[in-house]
Amino acid sequence: NGVGHKDPKLDLLLHSWLEAMKQFLWNYTNIHSKFYGKWMAASLDTADALECGCWFARCLCEWSSTFIIDHDNLPENIYGTWNKSHLDDEDMKNKLAEYIMSLGNFFSTTDLKNYLDTPEVQTQYRMKKGICKKTAQNWLKKMGY
């Protein structure tokens, strides 16, 4: 870390993609490169140098052209985003807490499960289905009950 260096806090995958884009664009714009001005050939050569295939070459083209148009538009690393819990939604968490308080001192995982099985709640929070008792138990524990 040099003086004045500010860590952008990029995840390692995004960082590697940005480095690949840099290499690809250098390959494309360097007048001494045999791929100078040859967009697809430069992307294929770069992907090959990185031990990747034509899928990655297409990604390099897409990411780079998008970045050229809008410098704030970086490739998005979606790894792990499909594992988000509905409980991460603060509005839902607050509604669940209100519901649990309305039950008084005595409630069970079945109460929570039945509440989340109602069509209104599922529609409101875009749930495809309800939750099982074990998930209800985990959610209650995560909420501090």
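Up top is the structure.
Residues numbered from 1 in each chain as written. Predicted model: local features only at pLDDT ≥ 70, side-chain atom pairs only at ≥ 80, totals over all residues. Heavy atoms only, no water.

## A short note on the nonpolar core
This is how the line gets drawn: Side-chain atoms within 4.5 Å are what join buried Ala, Val, Leu, Ile, Met, Phe, Trp, Tyr and Cys residues into a set we call a nonpolar core. When accessible area is computed with a 1.4 Å probe and restricted to protein chains, residues below 20% of their type maximum are described as buried, those above 50% as exposed, and intermediate ones as partly exposed. Per the convention used, a helix needs a DSSP run of H or I reaching at least four residues, while a strand needs a run of E reaching at least two, with both numbered from the N terminus. In what follows, a contact means two residues having at least one pair of non-hydrogen atoms within 4.5 Å.
One finds M92, L96, L112, L116 and W139 to be the most contacted residues of the largest nonpolar core, which totals 16 residues. For this core, the elements supplying multiple residues, two or more each, are α4 (90-102), α5 (109-116) and α7 (133-142). Here this core gets four residues from one element, more than from any other, and that element is α4. When sequence neighbours within four positions are dropped, the list of residues in contact with L96 reads L87, L112, Y115, L116, W139 and M143. Among the nonpolar cores identified, the runner-up in size contains 14 residues, and L14, W17, A57 and C61 belong to it.

## Side note on the side chain of T46
Applicable threshold: Counted as a polar contact is a pair of N or O atoms within 3.5 Å, where, for protein atoms, one must be capable of donating a hydrogen and the other of accepting one, and residues adjacent in sequence contribute only when both atoms are in side chains.
As for its placement among the helices and strands, T46 is situated in helix α2 (residues 39-49). Classification of T46 as buried rests on a relative accessible area of 1%. Side-chain polar atoms of T46 contact the backbone oxygen of A42, separated by 2.8 Å. In contact with T46, other than residues within four places in its own chain, are A20, Q23, F24, N27 and L60.

## Quick look at the pattern of salt bridges
Quick reminder of the rule: One side-chain nitrogen of Lys or Arg within 4 Å of one carboxyl oxygen of Asp or Glu is enough to make a salt bridge.
Evaluated as defined, the whole model comprises three salt bridges. One salt bridge connects D88 with K142, and the closest N-O pair in it is separated by 3.4 Å. With D88 in the loop between α3 (54-69) and α4 and K142 in helix α7, this pair connects stretches of sequence that are 54 residues apart. Since its relative accessible area comes to 54%, K142 is described here as exposed. Across the pair K93 and E90 runs a salt bridge whose closest N-O atoms are separated by 3.7 Å. Here K93 and its partner E90 are both found in helix α4, three residues apart, which amounts to about one turn of the helix. For K93, a relative accessible area of 28% corresponds to the partly exposed category.

## Remarks on the packing of aromatic side chains
Quick note on the threshold: By convention, a stacked pair of Phe, Tyr or Trp rings (six-membered ring in the case of Trp) has centres within 6.5 Å and planes under 30 degrees apart, an edge-to-face pair has planes over 60 apart, and any other such pair is tilted.
Applying the stated criterion across every chain yields a total of seven aromatic pairs. When the ring of W17 is compared with that of W63, the centres are 4.6 Å apart and the planes differ by 35 degrees; the resulting orientation is tilted. Here W63 lies in helix α3 and W17 lies in helix α1 (residues 12-29), a separation of 46 residues in the sequence. W63 sits in the buried class, given a relative accessible area of 13%. Seen in terms of ring centroids, Y28 and W39 are 5.0 Å apart; in terms of plane orientation they differ by 90 degrees. Their pairing is edge-to-face. Residue Y28 is found in helix α1, and its partner W39 is found in helix α2; the two are separated by 11 residues along the sequence. Classification of Y28 as partly exposed rests on a relative accessible area of 24%.

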